[in-house]
Amino acid sequence: MHARFRQPVEIVEHVSDTALEPVHAAYYSGPPGKYLHLLLQARRDFLSIWRVGDYREKVSQIRILGRQIVLVNSPEMIRDILVKRRDNYERKSPQMRRALEYLLGDGLFISDGPTWRQRRALVSDIVHKDRVPAFSPIIERTALDMVRRWQQIPDRTTIDILPEMAALTAEIISRSVFGQELGNADTAEVSESFTQYQALVDSTNPGYFLGLDEGLPMVRTPALRRAVRRLHNVIDRIVEDHLAGRGSHNSMMELLIRRQKRNPELGLNAVALRNEAATIFMAGHETTAATLTWVWYLLARAPWVERAVHEEIAAVCGDRAPTVDDLPQLRWCQAVIEETLRLYPPVPILARQSRDADQIGDIAVRPGSLILIVPWLLHRTESLFEAPHEFRPERFMDGHRPEPYSYIPFASGPRVCPGQHFGMTEAILCLAILAQRFRVVLSPDQKVVPQCRLTLRPRDGLPAMLVHRQPGPVGEAVASVPVRSADSPAVGCPYSA
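Residues numbered from 1 in each chain as written. Predicted model: local features only at pLDDT ≥ 70, side-chain atom pairs only at ≥ 80, totals over all residues. Heavy atoms only, no water.

## Focus on the pairing of strand β4 (residues 67–72)
Note the following rule: Only protein chains enter the area calculation, which uses a 1.4 Å probe; residues under 20% of their type maximum are buried, those over 50% are exposed, and those in between are partly exposed. Here a strand is any run of E in DSSP of at least two residues, a helix any run of H or I of at least four, and the numbering for each starts at the N terminus. Two strands pair under a simple rule: DSSP has to find at least two bridges between them.
Of all six residues making up β4, six are buried, and the element is well covered by its neighbours. Every second residue of β4 is oriented toward a common face, with R67, I69 and L71 on one face and Q68, V70 and V72 on the other, all of them buried. Remark: two residues form the turn of the hairpin made by strand β3 (residues 59–64) and β4, two consecutive strands paired antiparallel; L65 in that turn has positive phi of roughly 55 degrees. Two elements, β4 and strand β9 (residues 370–373), share four bridges in a ladder whose sense is parallel. Bridge assignment links V72 to a residue of β9, and that residue is I373.

The following block contains the structure:
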């Protein structure tokens, strides 16, 4: 019934010997002023509703069924909303709260008010950047476990990279948060269940546009209940182990439980612990898995960047596996992760609900309005990033940094992702350890389609050929990487909770 209101989604990708414009939706060209059509299009694909004029520094508004929607795509105004006037825009949007409340309860990601302030301080301390070095050996060991498993897969076998990265990051988060291994069965359960949950959730919530400031509760279909039950069963079992004293003393979960014992006023009962564990677990595993999947796609399409990464790993690490101590020297690896987060931010929409009337630029904001900050747009705005649709990791090297509040893959302000340092360390280390041993090859005519549900993933996964860069067990010498000659293509241009 809705098909006649929707514009077919055209996917753009341009690949040459020296430049890559990776996949993204073409600019929206539907009839102007048809905002109900736009809403129906957004329910299908949120990334395909933006016109060329939306990729500019500005603040604009539309109304759908009387509901005001304010799009903020200006670093200065973003700073005002997320930092200066944050109390008025603390609440996540009703769409996000309704979409995630069944899965996360009152977890940090969707809570606000006293609950958010109490839990934020607690979780921020536990995943603080100063604690990351203590968890880095877990990242290294888990990534090396994957190396050994991939070495058992015959060379040039086709695998789906998305569930592989989801399994890797789920295992890392489990060992870090819970202090114990999930194992293949449970990692598959978590990954498949969250994939199913995302597919079933309606993140537009029409009730909000019909006048309900809190939106409508999500319809809990049998399939949705099964997905949540599968996820909760895995997490509940591990939380119960910790409460019974069977957990690791160095895990994040154990730190939460100790805090509760010292400070009973925190009120972290088994359900609250489950909610925070689920929040940390799902946010940490899903966002990094999506990022690493996009990294493999980008490297496969940009072999000149892939060569630079391989050369750097060989120069820095030689024949040993990369470790956290190598990160300061793995500048290409870090730049690739940062550029991937620019092009494919795991959470491409940061939506807030205004509490009180306000003024954003020249727009009078009503109470209960939807405020959209869209990193997908912001990161691709030409006045902020040269050739914004192109993959250029060099833009993050040699001391170059984006303008403040123009690059916000982890959000910003008080609700900035508390695990961003953990996530960056995890992504860079996993890239270096895996890329030292393997390449991923895509068919030239393979269609990769970005899709935004709760997070930004390739719609159909990322089937790809796994190529061994060097046979043998972990620890043997890495095969040398050919050095680019003067005739070889240049490496591009010089350069929440």
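This is not the end of the story, as more comes after the structure.
## Things to note about the confidence of the model for the protein
Rule in force here: Within a predicted model, pLDDT stands for the predictor's per-residue confidence, ranging from 0 to 100.
On average, residues of the protein score 84 in pLDDT, and 89% of them reach the 70 mark or higher. For the protein, the element scoring lowest by mean pLDDT is helix α4 (residues 113–126), at 68; helix α13 (residues 331–343) scores highest, at 98.

## Thoughts on the sheet that holds strand β13 (residues 463–468)
Inclusion rule: Angles here are taken between N-to-C directions and fall from 0 to 180 degrees, while the axes themselves are lines fitted to C-alpha atoms, restricted in helices to the stretch in contact. Two residues form a contact once any of their heavy atoms are found within 4.5 Å.
Sheet architecture is open: three strands sit in the order β5-β13-β10, paired in antiparallel fashion. Each end of this open sheet is capped by a strand with a single partner; those strands are β5 (157–160) and β10 (438–441). With direction set aside, neighbouring strand axes in the sheet form an average angle of 40 degrees. The pairing of β10 with β13 spans four bridges and is antiparallel. Its bridge partner being in β13, V440 is matched across the sheet by L466. Sitting on the sheet, helix α6 (residues 161–178) is in contact with β5, β10 and β13, with an inclination near 60 degrees to β5.

## Overview of the packing of aromatic side chains
Here is the rule: Each Phe, Tyr or Trp ring, with Trp reduced to its six-membered ring, pairs with another whose centre is within 6.5 Å; inter-plane angles below 30 degrees give stacked pairs, above 60 give edge-to-face pairs, and intermediate values give tilted ones. We call a charge positioned above a ring when the Lys NZ or Arg CZ atom is no farther than 6 Å from the ring centre and deviates by at most 35 degrees from the ring normal.
Counting across every chain of the model gives nine aromatic pairs. Summarising the aromatic geometry, the rings of W150 and F438 are spaced 5.2 Å apart at their centres and angled 85 degrees between planes, so their arrangement reads as edge-to-face. Of this pair, W150 sits in helix α5 (residues 132–151) while F438 sits in strand β10, placing them 288 residues apart in sequence. Neither W150 nor F438 differs from the other in exposure class; each is buried. Ring centres of W294 and Y297 lie 5.9 Å apart, and the angle between their planes is 80 degrees; this geometry places the pair in the edge-to-face category. Here Y297 and W294 lie together in helix α11 (residues 270–301), a separation of three residues that amounts to about one turn. Just as W294 is buried, Y297 falls in that class too. Through a chain of ring-to-ring contacts, the aromatic side chains of W294, Y297, Y344 and W376 assemble into a single cluster. Over the ring of W376 we find R380; its NZ or CZ atom is 4.0 Å from the centre of that ring.

## Considering the pairing of strand β1 (residues 11–15)
Across four bridges, the pairing between β1 and strand β2 (residues 20–25) is antiparallel. Pairing of I11 across the sheet is with A25, part of β2. Hairpin geometry of β1 and β2 is characterised by an intervening segment of four residues between the two adjacent antiparallel strands.

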